[in-house]
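The chain contents come next:
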Amino acid sequence: RGGGIDVCLAAQKVGPTGKAIGVDMTPAMLERARKNAEKAGLTNVEFRFGHAQSLPVEDTSVDVIISNCVINLTEDKGQVFREAYRVLRSGGRLEISDVVTDQAFPAGMRAKPENWGSCIFGALPEQEYLDLIAQAGFKNVNVKHSPNAGEVEGVKIYSALVQGYK
């Protein structure tokens with residue numbers, strides 16, 4: 001969705017002996033990401049077609065997972081966190097930037113597909129989000145969130161930075 005910018009930044013951090021893998025479910029975004037990596041001269045990146053709920057990555061093969069405002073768009077967030085846990089090595093780290101709320105959106109609002117395009121109606125209440133991460137097996141889960149970033153129908157929306165360890 002972002003053209004691989006986060007993956008390219010990660011590739012620069014891990015250096016030439018490390019590797020950064022990006023996953024996207026749209027061929028157009030994968031192509032855009034590959035072009036961005038090529039323009040940046042990065043050779044330690046790989047972009048794979050896939051979904052957050054079933055990552056095209058081997059078990060216990062990843063040191064760090066970063067996700068930037070993607071998980072709120074997924075339907076089964078618990079499965080996303082279980083997949084992240086599956087692919088992380090022991091001691092691996094999950095780093096998420098996402099949107100959370102202070103309470104659940106009314107079911108009628110969440111049920112409308114057009115509302116999901118706004119990137120907020122898939123957001124969960126903060127504690128529910130954190131509980132799903134812990135249920136997947138992550139330890140030392142912590143969150144820092146912004147002051148109230150907005151409000152829709154009485155539901156407060158926050159930008160959250162979440163971290164957890166396998």
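Structural notes, computed from the coordinates. (Residues numbered from 1 in each chain as written. Predicted model: local features only at pLDDT ≥ 70, side-chain atom pairs only at ≥ 80, totals over all residues. Heavy atoms only, no water.)

Regarding the side chain of S67
Part 1 of the reasoning: With respect to the helices and strands, the residue S67 is situated in strand β3 (residues 62–68).
Part 2 of the reasoning: Once you skip the residues sitting within four places of it in the chain, S67 turns out to touch E95, I96 and S97. (Helix = DSSP H or I, 4+ residues; strand = E, 2+ residues; numbered from the N terminus. Contact = heavy atoms within 4.5 Å.)

Some remarks on the packing of aromatic side chains
Part 1 of the reasoning: All chains considered together, the criterion is met by 3 aromatic pairs.
Part 2 of the reasoning: Residues F81 and Y129 carry aromatic rings whose centres are separated by 5.3 Å and whose planes lie at 80° to one another, so their mutual orientation is edge-to-face. In this pair, F81 is assigned in helix α3 (residues 77–87) and Y129 in helix α6 (residues 126–135), connecting sequence segments 48 residues apart.
Part 3 of the reasoning: Note on Y85 and F138: the rings are 5.2 Å apart at their centroids and 90° apart in plane angle, and the pair reads as edge-to-face. In this pair, Y85 is assigned in helix α3 and F138 in the loop between α6 and β6 (139–145), connecting sequence segments 53 residues apart.
Part 4 of the reasoning: A cation over a ring is seen here: K166 above Y85, with NZ or CZ 4.7 Å from the ring centre. (Phe/Tyr/Trp six-rings, centres within 6.5 Å; stacked < 30°, edge-to-face > 60°. Lys NZ or Arg CZ within 6 Å of the ring centre and 35° of its normal.)

Looking at unusual backbone geometry
Part 1 of the reasoning: Backbone geometry at T60 places phi at a positive 45°, although glycine is not the residue there.
Part 2 of the reasoning: Mapped onto the secondary structure, T60 falls in the loop between β2 (45–49) and β3.
Part 3 of the reasoning: The class of T60 is partly exposed, set by a relative accessible area of 44%.
Part 4 of the reasoning: Even without a glycine there, the phi angle at E153 is positive, about 50°.
Part 5 of the reasoning: Position of E153 relative to the elements: it lies in the loop between β7 (150–152) and β8 (155–165). (Buried < 20%, exposed > 50% of the residue type's maximum accessible area, 1.4 Å probe, protein only.)

What about helix α1 (residues 5–14)?
Part 1 of the reasoning: V7, C8, A10 and A11 are the residues of α1 that are buried. When α1 is viewed along its axis, its buried side chains cluster within an angular range of 160° and face the same direction. Projecting away from the buried face of α1 at angles above 90 degrees are the exposed residues Q12 and K13.
Part 2 of the reasoning: Residues of α1 that are buried make contact with β1 (20–24), α2 (27–39), β2 and β3.
Part 3 of the reasoning: Just downstream of α1 lies G15, where phi reads positive at about 75°. (Arc of directions from axis to C-beta.)

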